[in-house]
Structure formats: structure tokens, C-alpha cells
Amino acid sequence: MTDDALKRWICLGCGFSYDEALGLPEHGLPPGTRWRDIADDWVCPDCGTPKARFEMVEIPYAEGQPRAAA
Amino acid sequence: MRNAFVLRADERGYNKILSTGATASYVGGHPDAFITRFSSFNFGDYQDGRPGFGRIRVFGDEAFYHPGCSYNMHPHHNFIICAFVLEGRLTHINTLGGLEDLGPGDYYAFSAGSGGLHEELNRYAEPMRAIYVWLLPDQLYLPPTYTHGHFDAAAGMNRITPLIGNDAGAVTISQDARISRLVADGPGAFRYRPRSPAHGVYAFVIDGTLHCDGATLKRRDSTGIQGAEEIVYETGRGDTDVLLTETIM
């Protein structure tokens, strides 16, 4: 994976994940939105954990995923 | 290369979470109810320590005080959340249909996977004490699962008993990790061989005294060791109770 590859981030408060490739259109973040381009005061839509407490992960998706993370 | 750290009980993060005020929607119960949480690794407002160990992200030594004290129903994804009840009774409720009254020795693994909610509740006057361990999964958005088990301290005396992992009789999870319990009623030497030098073991002393790699660990002290072919845990006089979490690093 190169540095420019689209990455996944996981919320350390609840496990919600953000995938740059998918974005979060329902929260105003179109697919392809880079993590660095999300506002610093953005928080986890599920639990309110601040953006700074997400971790970049290189964990593959389970078979059949990702569906829209609901 | 063998690497180790020692974390003393009083070096951990500490939170007292009230059932009133800003945390009221999170912690339920009578206004007097509260939860205390000692965190071995960074979690929530505690960010001054280690970020984790291998696939472990949360290691919480928690107590729920007063009847009705609970983490109210709240959502998770992905994390494999394990709880080991030490004292009192824990009512665990989840959206997979799990509704359990867990006592000392009981434990569970709740893999939140593609999504699940849970509540952790003490319904009784006696404080409920439990260790909570959160592990990253090896795949994202797996089908959620919930499995419980029981550790019989009498049957497991003076040996290391696997509780979670792929050993026979253990609760399986989708991660290269294994959680075991070591209980002893006196001095003894217990050899632990990690699966590979790429694995590490986080040993947390629930009670008693443990000697390891030249360090003496007391109640709620802990040590993480990685890169070892073998680790020798020596228990001290009296009763010793240790939770061992092995994880790929």
C-alpha cells in the first residue's frame, strides 16, 4: 500500500469506521474524502469520540463487506 | 528481541463516571450510582499512557457501584469486547438476544462486527467488578457474535487455563489472540510459550504476587512482554490470580 492509498480509520471509543473510499455521504462526506480533509472538530457520528481518537487501520473487510455501515 | 514494560497499578488512567450531569445518558441508575475505571491503555479522556498492546486497545479494571448502575444501551462496531466478572453480578444485555446474569468466573466475548448494542448493568447493592478487554478484529464488519464461558477456579488451580482463543474449550474469536487465567494457591513457576516471537503477552495481576523477568508485581500491576520464546511466571505466597492476554504484535 502506498502512502497515497485510500485508508480506513477506526473509532477507539466504539469501533465505528471511516473508509476514505466510501466517505460518509449521509454525514456530508462524499466518497474519496481524505481523513486529513475532515474538520478537526469532527466527532464519531455514533459515540461522539473526537477525530483525534481514531486510529488508522489496515484491517481487511469481512466477506461481503463493506455494506453501508449502519 | 525481547522487550518488556511494567505498569504499576497507580500508573494507570482513572475515571469516575457519574450517573448524573454530563455522563447521565451514558451511565444509568440511581443518582448515587457511579462506575470507576482504571485503564491500562489510552481510552476516553485518559490519553497519557500506552496506546495499546498488540491488538489490545482497551484494558479496563472497572467497578459498578449501587443498584441499577449501568452503561446504558449503546452501539459498537468491530471491536471484540470481552468481560471477566471478578465480584458481584453483571447483567449483560445485547442486541443479539443475549440477556445474562454473570457472576464471578463468568466471562463473555461480544464481537460487535457489523453492529450491535449492549448494556452492562449491576442490579445489586454489592459492587460489581470486572475486567473489560477490547481487541481489534482481524476483519472489519464480521457478523456479530456473543459467546459466554465460565472459569472454574478450583478446577483451574495451579495451572494456566485458556478462556478465549482457539484452544479446546475456549471461546473462539476472530483474532490471533488468546486470553488465559492463571490461579495459584502458593509459590509456583508457570511456563508460557507464546505462539511465536511475533506474539506478546500482557499479564495483569488481579490479585496476589507475581514475579516475572526480575520484576515483582502486586495486585493490579501488569507487565507486557514481546519477542520471548518462553515466559516464566512465578507466583508468590498465598493466592495469586492473573489474566494473561496473548496477541499478535
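In the block above lies the structure referred to throughout.
This section reports on the structure supplied with the text. The structure presented is a predicted model; accordingly, all values stated were derived computationally and were not measured. (Residues numbered from 1 in each chain as written. Chains lettered and ligands numbered in written order. Predicted model: local features only at pLDDT ≥ 70, side-chain atom pairs only at ≥ 80, totals over all residues. Heavy atoms only, no water.)

1. Digging into the interface of chain A and chain B
Contact with chain A, which involves 20 residues of that partner, is made by 19 residues of chain B. At the boundary of chain A with chain B, total buried surface from both sides reaches about 1600 Å², with 56% on carbon and sulfur atoms. The largest share of the area that chain A buries against chain B comes from Cys14(A), Arg53(A) and Ile59(A), three residues that together contribute 28% of it. Where chain A touches chain B, the interface holds two salt bridges. A salt bridge links Asp45(B) to Arg53(A), with the nearest nitrogen and oxygen atoms 3.5 Å apart. Taken together, chain A and chain B are joined by nine residue pairs in polar contact (both at pLDDT 80 or more). Its residues placed into classes, the side of chain A that touches chain B shows eleven nonpolar, four polar and five charged. (Contact = heavy atoms within 4.5 Å. Buried area = accessible area lost by both parts, 1.4 Å probe. Salt bridge = Lys/Arg side-chain N within 4 Å of Asp/Glu carboxyl O. Polar contact = N/O pair within 3.5 Å; in protein donor to acceptor, adjacent residues only side chain to side chain. Nonpolar A, V, L, I, M, F, W, Y, C, P; charged D, E, K, R; others polar.)

2. As for the pattern of salt bridges
Evaluation of the coordinates by the stated rule reveals 23 salt bridges over all chains. Measuring nitrogen to oxygen at the nearest pair gives 3.4 Å for the salt bridge that ties Asp4(A) to Arg34(A). Residue Asp4(A) is located in the segment before strand E1 (8-11), and its partner Arg34(A) is located in the loop between strand E2 (17-19) and strand E3 (54-57); the two are separated by 30 residues in the primary sequence. Classification of Asp4(A) as exposed rests on a relative accessible area of 53%. As a salt-bridge pair, Arg123(B) and Asp101(B) come within 3.5 Å of each other at their nearest N and O atoms. Pair noted here: Arg123(B) is in the loop between strand E11 (116-122) and strand E12 (128-135) and Asp101(B) is in strand E9 (residues 99-102), with a separation of 22 residues, a long-range link. (Helix = DSSP H or I, 4+ residues; strand = E, 2+ residues; numbered from the N terminus. Buried < 20%, exposed > 50% of the residue type's maximum accessible area, 1.4 Å probe, protein only.)

3. A look at the side chain of Ser19(B)
Residues and elements named next belong to chain B. Its place among the elements puts Ser-19 in the loop between strand E2 (13-18) and strand E3 (27-28). Here the side chain of Ser-19 touches His-30 through a polar contact of 2.8 Å, landing on its backbone oxygen. Within the structure, the side chain of Ser-19 is placed 3.1 Å from the backbone oxygen of Ala-33, a separation counted as a polar contact. If sequence neighbours within four positions are ignored, Ser-19 has contacts with Ala-24, Val-27, Gly-28, Gly-29, His-30, Pro-31, Asp-32 and Ala-33.

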